[in-house]
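What follows is the residue order along each chain.
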Amino acid sequence: MGKDMEAGTEFAAKDYSDPPPAPLIDPEELTKWSLYRAVIAEFIATLLFLYITVATVIGYKHQSDPNVVGADAACSGVGILGIAWAFGGMIFVLVYCTAGISGGHINPAVTFGLFLARKVSLIRALLYMIAQCMGAICGVGLVKAFQKAYYNHYGGGANELSAGYSKGTGLAAEIIGTFVLVYTVFSATDPKRSARDSHIPVLAPLPIGFAVFMVHLATIPITGTGINPARSFGAAVMYNNNKAWDDQWIFWVGPFLGAAAAAAYHQYILRAGAVKALGSFRSNA
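A quick note: this is a predicted structure, and the numbers were derived from the prediction, not measured.

J.: Tell me about the packing of helix H4 (residues 108-116) against helix H7 (residues 167-188), and name the residues and values.
T.: Orientation of H4 relative to H7, taken along the N-to-C sense of each, is 55°, at an axis distance of 10 Å. In terms of their interaxial angle, H4 and H7 are classed as oblique. As H4 packs across H7, the resulting crossing turns out to be right-handed. Across the interface between the two elements, Ala109, Val110, Gly113 and Leu114 from H4 touch Thr178, Leu181, Val182, Val185 and Phe186 from H7. Here the residues of the contact of H4 with H7 sort into 7 nonpolar, 2 polar and no charged.

Written as structure tokens, this is what we have:
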């Protein structure tokens, strides 16, 4: 199997091809049904994601409530491990279902990272983010409608900084957690790996889902785990609690910084984008 051959500034004998960078703004894209189909897919996927995961959170808190269950409440419900599985498992399922239509972003931070890497245009990125946030609101709205008795009582599945942690710690947790997720997305969908390991495109949703699962295990005790601004925003809108809104900035700034760092690391360090760009500049000089 051929490999990158570096001789000075020349790269040759590639056995894969990188897709051309997406245009920054492509007005013609607005005339294509494929864009709107992808936006609808992102909306529905995020709706389903929030419905299942927030319902799991509310259900667990009710099942483990000592005032309801009694002395053995701590052993009731799915536990934090089950919540992490719900988030990771749903991402695996939904990325698998929508990857061929929209790319399976289901997260404004993922969309932002891919936009910075020129994988999607600005127009597509903005429409995706709007669809994801609206889908999140609708998904949490369904949970609130179906579980009125428990929704507000058990926190509405909203992300908030846990007691005992500083805002800096919460922000760092969101940055690092999102870095892990977006770095995994880039690695799992890298055309360079896909060319040499033909099973990678088929299995791509699996490592992405596992990344979400592992990050939840680490950060649920700190922030409830955001790493997805749409997830945090949708829950905050429906719960509408002062604490959730006061901490909301953490769940936007952290994921966007983490996504930007992951995009830069993958594109310019692992894929040597800066070196190749410099080589191209010198060869044209």
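J.: Break down the pattern of salt bridges for me, with residues and values.
T.: Tallied over the entire structure, the rule returns 3 salt bridges. For Arg124, the salt bridge identified is with Glu29, shortest N-O distance 2.8 Å. Here Glu29 lies in the loop between strand E2 (10-12) and helix H1 (33-63) and Arg124 lies in helix H5 (residues 122-146), a separation of 95 residues in the sequence. Note that Asp247 and Lys243 form a salt bridge whose closest N and O atoms lie 2.9 Å from each other. On the basis of relative accessibility, which here comes to 1%, the residue Asp247 falls in the buried class. On the basis of relative accessible area, Lys243 is assigned to the partly exposed category, the value being 32%. Several salt bridges converge on common partners, so that one network encompasses Lys167, Lys243 and Asp247.

Each value, and the rule that gives it
Residues numbered from 1 in each chain as written. Predicted model: local features only at pLDDT ≥ 70, side-chain atom pairs only at ≥ 80, totals over all residues. Heavy atoms only, no water. Axes fitted to C-alpha atoms, helices over the stretch in contact; angles between N-to-C directions. Helix = DSSP H or I, 4+ residues; strand = E, 2+ residues; numbered from the N terminus. Parallel < 35°, antiparallel > 145°, perpendicular 65-115°, else oblique. Left-handed = near helix turned anticlockwise from the far one by under 90°. Contact = heavy atoms within 4.5 Å. Nonpolar A, V, L, I, M, F, W, Y, C, P; charged D, E, K, R; others polar. Salt bridge = Lys/Arg side-chain N within 4 Å of Asp/Glu carboxyl O. Buried < 20%, exposed > 50% of the residue type's maximum accessible area, 1.4 Å probe, protein only.

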